[in-house]
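# Summary of the model geometry
Here's the letter readout for the chains.
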Amino acid sequence: MNIFSEESVIRFSNIDQSDTLTMASTFDLFQEAAMNHAEILGVGREAMMQSGNVWILSRLSVFMTRRPRFREKIVIRTWPRNANKLFAVRDYDIHYSSDNSGIQGGLGHDTALVQGRSGWLVVDIEKRRPLRPQAAVENLPPNEGINALPGENLAGNDPPPSLAVRDFSAAGHILRRACYSDIDYNGHVNNARYIQWIQDLLDPVILDNAKQIRLDINYLAEVLYDEIIGLFLLPIETENVPDDSPLCGQTPRPCTAAFAIEGRRFLEARQDPEEAIPVFRAELRTG
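All residue numbers refer to position in the chain's written sequence, counted from 1. Per-residue local features of the predicted model are confined to residues with pLDDT of at least 70, and side-chain atom pairs are confined, for both listing and counting, to 80 or more; whole-chain, interface and lining totals are unaffected and use all residues. Excluding hydrogens and water, the side-chain values take into account all heavy atoms of the structure.

Attention shifts here to helix H4 (residues 191-201). For the α-helix, the turn length of 3.6 residues means that residues three or four positions removed from each other point alike. Using a 1.4 Å probe on the protein chains alone, a residue whose accessible area is under 20% of its type maximum counts as buried, one over 50% counts as exposed, and one in between counts as partly exposed. A run of H or I in DSSP becomes a helix once it reaches four residues, and a run of E becomes a strand once it reaches two; helices and strands are each numbered from the N terminus. Most of H4 is tucked away, with eight of its 11 residues classed as buried. Along H4, the residues that are buried comprise Asn191, Ala192, Tyr194, Ile195, Trp197, Ile198, Gln199 and Leu201. Between the side-chain oxygen at the start of H4 and the backbone nitrogen of Ala192 there is a gap of 2.9 Å, and the oxygen is on Asn190. The definition of a polar contact used here is a pair of N or O atoms within 3.5 Å, where within protein one atom must be able to donate a hydrogen and the other to accept one, and adjacent residues in sequence count solely through side-chain atom pairs.

Structure, rendered in C-alpha cells:
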C-alpha cells in the first residue's frame with residue numbers, strides 16, 4: 001500500500017475556542033496514522049522490537065493551511081518517502097472527506113488542509129544508538145514525486161529542517177515536570193505532548209485567532225518521568241516568504257506572529273538555565 005488513509009471527524013476534544021483543530025490534536029492524528037501504516041507495511045512496533053530496534057521521531061514539520069472545524073469529516077493520509085543516511089522520511093496530509101456536508105470556506109475535498117513531513121531514526125534498543133535506516137525501509141514504497149512539503153529539495157525526499165541554535169539568555173522560562181499523563185508506551189514523554197507544552201506557553205489569543213499555523217520541531221533527547229523541563233519562548237521576526245521561493249505556500253502569509261521555543265532538562269529547579277541540556281527546539285509561525 002503506497003498511501004495509507006483513514007477517515008475521522010473533528011471531535012470536541014480536538015478543538016480550541018476557535019472551534020477548529022489544534023496543533024496538538026494534529027500531531028496525535030499523524031502519529032496514529034503513521035503507526036497504523038507501519039503495522040501494515042511490516043515495520044510496526046512489534047516487528048521492530050523483534051529485530052531489537054525501535055522507531056524514534058526526530059523531526060516534524062506541519063503546515064496548517066486551513067484548520068478544519070468541529071464535526072467536519074476529514075481523511076488523514078500518510079506515506080513513506082525513502083531515507084537518507086540518518087532519517088527515514090514520512091509525509092502526511094489531511095483533506096476533507098468526500099462525504100462531508102456543511103463545509104465552510106468552499107474548499108473541495110481534494111485540497112490539502114494540513115501538510116506534514118517527519119524524519120524518523122531507527123535506534124538500537126539495547127545500545128540506544130541510531131542505526132542507518134536503509135534496512136528498515138528497503139522494502140517500503142519510495143512514493144517518488146508524492147510530496148506533502150517539498151521544501152528546498154523539490155524532489156521531495158529531504159527530511160524536515162534542522163533548526164538554528166538561538167540565544168535564549170534574555171528569554172523568560174517556566175519549569176514543567178514530566179508527569180504520568182505525559183509518558184507514552186516507550187517510557188518517555190510522547191511527541192505530541194511537547195506540542196501541548198508549546199501551546200501552553202503562548203497567549204491563547206494568538207492560537208485562537210490563527211487561520212494558518214506552521215510548526216517545525218526537532219526532538220533532541222528523550223524526557224523521562226519526573227524530569228524537570230525548562231520551557232523558553234523567544235519572539236522572532238515575522239518575515240514573509242517571497243513569491244518565487246520553494247517554501248511559498250508552506251508557511252503563513254502574511255505571517256503575523258513567530259516564536260522560537262526550546263526545552264531544556266534541569267537537574268534541579270535552581271539550576272542555571274545556561275547549563276541545562278536542550279531536549280527539543282521548535283519554531284512556530286502563525287497568520
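Another point: a negative patch on the surface. Patch membership needs two things, relative accessible area over 30% and no salt bridge, and members are linked within 9 Å if like-charged or within 5 Å if nonpolar (Val, Leu, Ile, Met, Phe, Trp, Tyr). Each accessible area value is a Shrake-Rupley result obtained with a 1.4 Å probe; residue values ignore everything except the protein chains displayed when judging cover. Each reported salt bridge corresponds to a side-chain nitrogen of Lys or Arg within 4 Å of a carboxyl oxygen of Asp or Glu. Charge assignment in this entry is limited to Lys and Arg as positive and Asp and Glu as negative, and neither His nor the chain termini are counted. A charge is said to be at NZ when it belongs to Lys, at CZ for Arg, at CG for Asp and at CD for Glu. On the surface, Asp167, Asp272, Glu274 and Glu275 cluster together into a negatively charged patch. Considering the arrangement of structural elements, one finds Glu275 in the loop between strand E10 (257-266) and strand E11 (277-286). Looking at Glu275, the relative accessible area reads 56%, which means it is exposed.

The next subject is the pattern of salt bridges. Inspection of the entire model under this criterion finds 18 salt bridges. Here Arg117 makes a salt bridge to Asp158, at a shortest N to O gap of 3.1 Å. Of this pair, Arg117 sits in strand E5 (residues 112-124) while Asp158 sits in the loop between helix H3 (134-137) and strand E7 (173-177), placing them 41 residues apart in sequence. Where Arg281 meets Glu262, a salt bridge forms, and the shortest distance between an N and an O atom there is 2.9 Å.

Let's shift gears to the packing of aromatic side chains. Pairing of aromatic rings covers Phe, Tyr and Trp, the last through its six-membered ring, and needs centres within 6.5 Å; plane angles under 30 degrees mean stacked, over 60 mean edge-to-face, and all others mean tilted. This model, assessed by the stated rule, comprises six aromatic pairs. Centre to centre, the rings of Phe12 and Phe70 are 6.0 Å apart; their planes meet at 70°, and the pair counts as edge-to-face. Here Phe70 lies in the loop between strand E2 (53-64) and strand E3 (73-83) and Phe12 lies in the loop between strand E1 (4-9) and helix H1 (23-41), a separation of 58 residues in the sequence. Owing to a relative accessible area of 65%, Phe12 belongs among the exposed residues under this scheme. Relative accessible area serves as the criterion here: at 26%, Phe70 is assigned to the partly exposed category. Centroid distance Phe168 to Phe232: 6.1 Å. Interplanar angle 70°. Geometry classified as edge-to-face.

Looking now at a nonpolar patch on the surface. Nonpolar side chains collect at one region of the surface, where Met49, Ile125 and Tyr185 lie side by side and expose about 290 Å² of accessible area between them. Position of Met49 relative to the elements: it lies in helix H2 (residues 45-50).

This part covers H1. Expected helix span is computed as 1.5 Å times (number of residues minus one). The terminal C-alpha atoms of H1 lie 27 Å apart, and with 19 residues this matches the ideal 27 Å at 1.5 Å per residue to within 8%. Burial in H1 covers these residues: Met23, Ala24, Ser25, Thr26, Phe27, Leu29, Phe30, Gln31, Ala33, Ala34, His37 and Ala38. Just past H1, the residue Gly42 takes up positive phi, approximately 80°.

Attention shifts here to the layout of surface pockets. In this structure, the largest pocket encloses a volume near 1100 Å³. As for the largest pocket, its lining consists of 41 residues, of which Trp55, Ile56, Leu57, Trp120 and Asn186 are closest to the centre. Counting only elements with at least two residues in the lining of the largest pocket, the list comes to H1, H2, E2, strand E4 (88-96), E5 and H4. Counted by class, the lining of the largest pocket contains 26 nonpolar, eight polar and seven charged residues. Here a cavity means grid points, on a 1 Å grid over the protein atoms only, where a 1.4 Å probe fits yet cannot get out; a pocket means an open set of points with protein on both sides within 12 Å along at least five of seven lines; lining residues are those with an atom within 4 Å of a point. Grid points are joined across faces, edges and corners, and a volume is the space filled by probe spheres set on the points. Each residue is assigned to one class: nonpolar for Ala, Val, Leu, Ile, Met, Phe, Trp, Tyr, Cys and Pro, charged for Asp, Glu, Lys and Arg, and polar for all the others, Gly among them.

This brings us to the side chain of Asp158. For Asp158, a relative accessible area of 18% translates into the label buried. There is a polar contact of 3.1 Å between the side chain of Asp158 and the side chain of Arg117.

This brings us to the side chain of Thr20. Assignment of secondary structure puts Thr20 in the loop between E1 and H1. At 2.5 Å, the side chain of Thr20 and the side chain of Ser18 are in polar contact. Contacts are assigned to residue pairs that have any heavy atoms within 4.5 Å of one another. Those residues in contact with Thr20, other than ones at most four positions away along the chain, are Asn14, Ile15, Arg67, Pro68 and Arg69.

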